[in-house]
Amino acid sequence: MKRYGAIAIALAIIFTAAGCKPTVSPTEGAKSSEATMSSFKFEASRNTVLGSTDFDGVYNSLTGTFNVTGLEVGTDITALKATFTVSSGATVAVSGVGQTSGQTANNYSSDLSYVVTAENGTTTKTYKVHVDAPALGLTSFSIDNGTNSTPVPFTIDNTALTI
């Protein structure tokens, strides 16, 4: 009889243990809803047109814009690769095209909208990027000889910086 009692107790313990589910914290396994871009810059090492200078974007929280300034006059901004930091697990897209920090080239001739999508796939936040690259200042030049005749035009070479 003792033997059957011991077997019954052992079976009760086994079935009780098998029916228990491990306790899971409510946040364990949950995907983040954080969609933050905390930094944006152009690194010279990834953009040869910048020479040896990195350019950091300054974030304006009122407009949601990273402003990049200080580029030299005439800098080609049509294929720059941005380096940015976003929330863990988040993805980034510009005009629906996925972006990889430090690798994806974009044309910054006009403002771009970077859409950060949180790890949960539903929370998004849009950040604008404005690059202030002054155009070459001199586009035409002529001399009027003061006699109402046709002005003498000159050819401007902005690469060589000559007239």
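All values reported here derive from a predicted model rather than from experimental measurement.

Reading the values: rules and limits
Residues numbered from 1 in each chain as written. Predicted model: local features only at pLDDT ≥ 70, side-chain atom pairs only at ≥ 80, totals over all residues. Heavy atoms only, no water. Salt bridge = Lys/Arg side-chain N within 4 Å of Asp/Glu carboxyl O. Buried < 20%, exposed > 50% of the residue type's maximum accessible area, 1.4 Å probe, protein only. Phe/Tyr/Trp six-rings, centres within 6.5 Å; stacked < 30°, edge-to-face > 60°. Helix = DSSP H or I, 4+ residues; strand = E, 2+ residues; numbered from the N terminus. Core = buried A, V, L, I, M, F, W, Y, C linked by side-chain atoms within 4.5 Å. Contact = heavy atoms within 4.5 Å. Pairing = 2+ DSSP bridges.

Undergrad: Explanation requested: the pattern of salt bridges in the structure shown.
TA: Pairing between side chains of opposite charge can happen when the charged atoms of each approach one another. Per the stated rule, a full pass over the model turns up two salt bridges. Measuring nitrogen to oxygen at the nearest pair gives 3.7 Å for the salt bridge that ties K41 to E43. Look at K41 and you get partly exposed, because its relative accessible area is 28%. R46 is the partner of E43 in a salt bridge, and the nearest nitrogen-oxygen pair spans 2.8 Å. Judged by its relative accessible area of 15%, E43 is buried. When salt bridges that share partners are traced, they join K41, E43 and R46 into one network.

Undergrad: I tried to follow the packing of aromatic side chains on my own but got confused; where do I start?
TA: How two aromatic rings sit relative to each other is set out by the distance from centre to centre and by the angle between their planes. Applying the stated criterion across every chain yields a total of nine aromatic pairs. Consider the rings of F40 and Y114, whose centres lie 5.4 Å apart with planes at 80 degrees: the pair is edge-to-face. With a gap of 74 residues between them, F40 in strand 1 (residues 37-42) and Y114 in strand 9 (residues 112-117) connect regions that are remote in the sequence. On the accessibility criterion, Y114 (0% relative accessible area) is buried. For the ring pair Y59 and Y127, a centre distance of 5.8 Å and an interplane angle of 55 degrees mean the geometry is tilted. In this pair, Y59 sits in strand 3 (residues 58-60) while Y127 sits in strand 10 (residues 124-131), placing the two residues 68 residues apart along the sequence. With a relative accessible area of 2%, Y127 lands in the buried category. Three or more aromatic residues joined by ring pairs make a cluster, and in this case those are F40, F42, Y59, F66, F84, Y108, Y114 and Y127.

Undergrad: What am I meant to see in the nonpolar core here?
TA: Membership of the largest hydrophobic core comes to 25 residues, with the highest contact counts inside it found for M37, F40, F42, Y108, Y114 and V131. Looking at this core, the elements with two or more residues in it are strand 1, strand 4 (65-68), strand 5 (80-86), strand 6 (91-94), strand 9 and strand 10. Ignoring sequence-local partners within four residues, the contact set of V131 consists of F42, V68, L71, I77 and Y108.

Undergrad: Looking at this structure, how should I read the sheet that holds strand 1?
TA: The strands making up a sheet associate through backbone hydrogen bonding, with each pair oriented either parallel or antiparallel. The strand order across the open sheet built from four strands is 2-1-5-8, with neighbouring strands paired in antiparallel fashion. Because the sheet does not close on itself, it has two edges, and the strands there are strand 2 (55-56) and strand 8 (105-106).

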